[in-house]
Amino acid sequence: MNRKIAIFLFFLLPVAAAGPLAQGRRPGPNGNRAAGDSITQIIDTRVIPHLPSWPKELVKMYDTIEIAFIGDIMQHGGQIKSALIPGKDPSDGNSYNYESAFRHTGKYLKEADIAVANMEFTLGTMPYTGYPQFSAPSAIASQAKESGIDLFLLANNHILDKGRNGLEKSLNIYDTLGVPYTGVYRNSDSEAMENPLVMECKGVKIAFVNFTYGTNGFTTPEPYIVNRMDSVKVKESIARAKERGAQMIIALPHWGNEYQLQPSSEQRRWAAMLFREGVRVIIGTHPHVPQSAEIYLTGSHHPRRYGEVEKMVFYSLGNYISNQSTPQYTQMGMMVNVVIVKNNLSGEITLSGPQWRYLWCFRKGELEPHYTVVPIEDMLGKSNGVSQANAEANAGDEDDSAAKGEQHPAIMDEYPNIKNNTHYRRMVNTFEYIRTLKPVKVIR
């Protein structure tokens, strides 16, 4: 054996034999993630070109942590009425069935190591109501958990819609579910301990900093705390993340102007400040429509090679599910998958190119008996697991193989006559228009 290779393997063999680390993707925080991760199970021949034919199982050079984000989960009156199980007591939070809300997306959420959603309502206060002051049954949160959501974002403009009672009931329900939440705290002591939320996955500490521009004029009842869009406070949260050993800081602002496809100047100023403070990923909510995004590379390289992404901002993911159909684009949202890469040899933590899918919310009766959300390209029969826009954003690069994703059956197969559906055609026309805007920019 070549002496250099022998020395190299001497240092690598402990990595290959390190129990679960060498056996494929480990479960995420909720322990139910699918096994297998093609990115992390191979020797990267770009880094080790002199060992291109070595067995895949011998060395696991990289681990990846995939975090899926969806936008605003809304609960308008029509959604609540549709979810009520016939004959059940409407005052019982468990008398509602929201399975259809995640039927076509749950598979993607469960494939991620961590899945995150913005919960834009309060829970448990009767009577259940939609706009303008939201209160939803606990079943929507239970279904979100069952469908793969691992983290609830609560800092938004509707979290105080039902006052102290609504806030307390909401937190009690989330605590009972056992799913982490962030952006809202019971008192100053819990805020000091839990803001920001730091989650550890595959040995990587990830900080989530969630805050909102406001709460529709409602004052936060003492001793509760809702994270506000206060630059001093947000900077303090970022500093705490660093003190607590966070290796990746993700900001989750509830910001911007509703129904605008482009970010405001204020959003851009805040994004620049967050990047200066050490945030690497920004995922925004609130405008109820998908806004543009920017992916910054470390140099003139390919965005899907490990460590080539410096930072990124998706200004708004739009609605995940709602009863809105106007203004235009409110039925469209995004699911964004951020990929964090850990080099098991050097310990370096970097970002790989994100993946994103456009989603469409069909209201009651438009596709199925109840409200449902579909990945648009699955609906169109492309079935590649990742939006075609990923490839378009990187047009001209020599290799986009990492964007292909896992194969899933096309939803269209379930609806052979769907092309005659007026709502389907509206979805297609909206999607084609958004694609012409090339909203995701790769900046070198």
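Data block above holds the structure.
Calculation notes
Residues numbered from 1 in each chain as written. Predicted model: local features only at pLDDT ≥ 70, side-chain atom pairs only at ≥ 80, totals over all residues. Heavy atoms only, no water. Helix = DSSP H or I, 4+ residues; strand = E, 2+ residues; numbered from the N terminus. Buried < 20%, exposed > 50% of the residue type's maximum accessible area, 1.4 Å probe, protein only. Contact = heavy atoms within 4.5 Å. Areas by Shrake-Rupley, 256 points an atom, 1.4 Å probe, with all protein chains shown as cover. Pairing = 2+ DSSP bridges. Core = buried A, V, L, I, M, F, W, Y, C linked by side-chain atoms within 4.5 Å. Polar contact = N/O pair within 3.5 Å; in protein donor to acceptor, adjacent residues only side chain to side chain. Salt bridge = Lys/Arg side-chain N within 4 Å of Asp/Glu carboxyl O. Phe/Tyr/Trp six-rings, centres within 6.5 Å; stacked < 30°, edge-to-face > 60°. Lys NZ or Arg CZ within 6 Å of the ring centre and 35° of its normal.

**Q** Looking at this structure, how should I read the overall build of the protein?
**A** From N to C terminus, the protein includes 12 helices and 20 strands. By residue count, 59% of the 444 residues in the protein fall in the buried class. Here the analysis covers contacts within the protein between residues at least 6 apart in sequence; of these, 75% occur between residues at least 24 apart. Within the structure as shown, the protein displays about 18000 Å² of accessible surface, and the carbon and sulfur contribution to it stands at 50%.

**Q** How should I be thinking about unusual backbone geometry in this particular structure?
**A** Only a minority of non-glycine residues have a phi that is not negative, and only a minority of peptide bonds are not trans. A cis amide bond links tyrosine 131 with the next residue in sequence, proline 132, at an omega value of 10 degrees. As for its position among the elements, proline 132 is in the loop between β3 (122–123) and β4 (135–136). You will see that asparagine 216, though not glycine, has its phi angle at about 55 degrees, which is positive. Along the polypeptide, asparagine 216 turns up in the loop between β9 (204–212) and β10 (225–226). Positive phi, close to 80 degrees, is recorded for tyrosine 329, a residue that is not glycine. Its location among the elements puts tyrosine 329 in the loop between β15 (319–321) and β16 (332–343). By relative accessible area, which is 13% here, tyrosine 329 ends up buried.

**Q** Quick question: what am I supposed to make of the pairing of strand β19 (residues 372–375) here?
**A** On any regular strand, side chains alternate: one points to one face of the sheet, the next to the other face. Alternating positions in β19 separate into two faces, Thr372 and Val374 on one and Val373 and Pro375 on the other, with burial throughout. With four bridges joining them, strand β18 (residues 355–362) and β19 adopt antiparallel strand pairing. Paired with leucine 359 across the two strands is proline 375, which belongs to β19.

**Q** How should I be thinking about the nonpolar core in this particular structure?
**A** Considering soluble globular proteins, one finds that nonpolar side chains tend to be buried as a cluster. The biggest cluster of nonpolar side chains holds 54 residues, and the ones touching the most others in it are Ile67, Phe69, Ile206, Phe208, Phe314 and Ile340. Counting residues in hydrophobic clusters, the runner-up holds 47 residues, among them Ala68, Met119, Cys361 and Tyr371.

**Q** I would appreciate a short explanation of the side chain of glutamine 79 in the present structure.
**A** Along the chain, glutamine 79 turns up in helix α2 (residues 77–83). Polar contacts involving the side chain of glutamine 79 include one to the main-chain carbonyl oxygen of methionine 74, which spans 3.0 Å. At a separation of 3.4 Å, a polar atom in the side chain of glutamine 79 contacts the main-chain amide nitrogen of asparagine 323. Those residues in contact with glutamine 79, other than ones at most four positions away along the chain, are Met74, Tyr98, Ile321, Ser322, Asn323 and Tyr371.

**Q** Any chance you could explain the pattern of salt bridges here in plain terms?
**A** A side chain with one charge may pair with a side chain of the opposite charge, provided their charged atoms come close. Applying the stated criterion across every chain, the model contains nine salt bridges. When the shortest N-O distance is used, the salt bridge between arginine 268 and glutamate 294 registers 2.6 Å. One end of the pair, arginine 268, is in helix α9 (residues 265–277); the other, glutamate 294, is in strand β13 (residues 293–297), and 26 residues separate them in sequence.

**Q** In this structure, what is going on with the packing of aromatic side chains? I would like to understand it.
**A** Where two aromatic rings form a pair, the distance of their centres and the angle of their planes describe that pair. Counting across every chain of the model gives 11 aromatic pairs. Summarising the aromatic geometry, the rings of phenylalanine 102 and tyrosine 320 are spaced 5.5 Å apart at their centres and angled 20 degrees between planes, so their arrangement reads as stacked. Of this pair, phenylalanine 102 sits in helix α3 (residues 99–102) while tyrosine 320 sits in strand β15; the two residues are 218 residues apart in sequence, bridging distant segments of the chain. For the pair shown, phenylalanine 102 and tyrosine 320 are each scored as buried. Both rings, one in phenylalanine 152 and one in tyrosine 174, keep their centres 5.0 Å apart while their planes meet at 45 degrees; by these two values the pair is tilted. One end of the pair, phenylalanine 152, is in strand β5 (residues 151–153); the other, tyrosine 174, is in helix α6 (residues 163–177), with 22 residues separating them in the sequence. Judged on exposure class, the residue phenylalanine 152 and its partner tyrosine 174 are both buried. Through a chain of ring-to-ring contacts, the aromatic side chains of Phe152, Tyr174 and Tyr181 assemble into a single cluster. A cation over a ring is seen here: lysine 311 above tyrosine 296, with NZ or CZ 5.0 Å from the ring centre.

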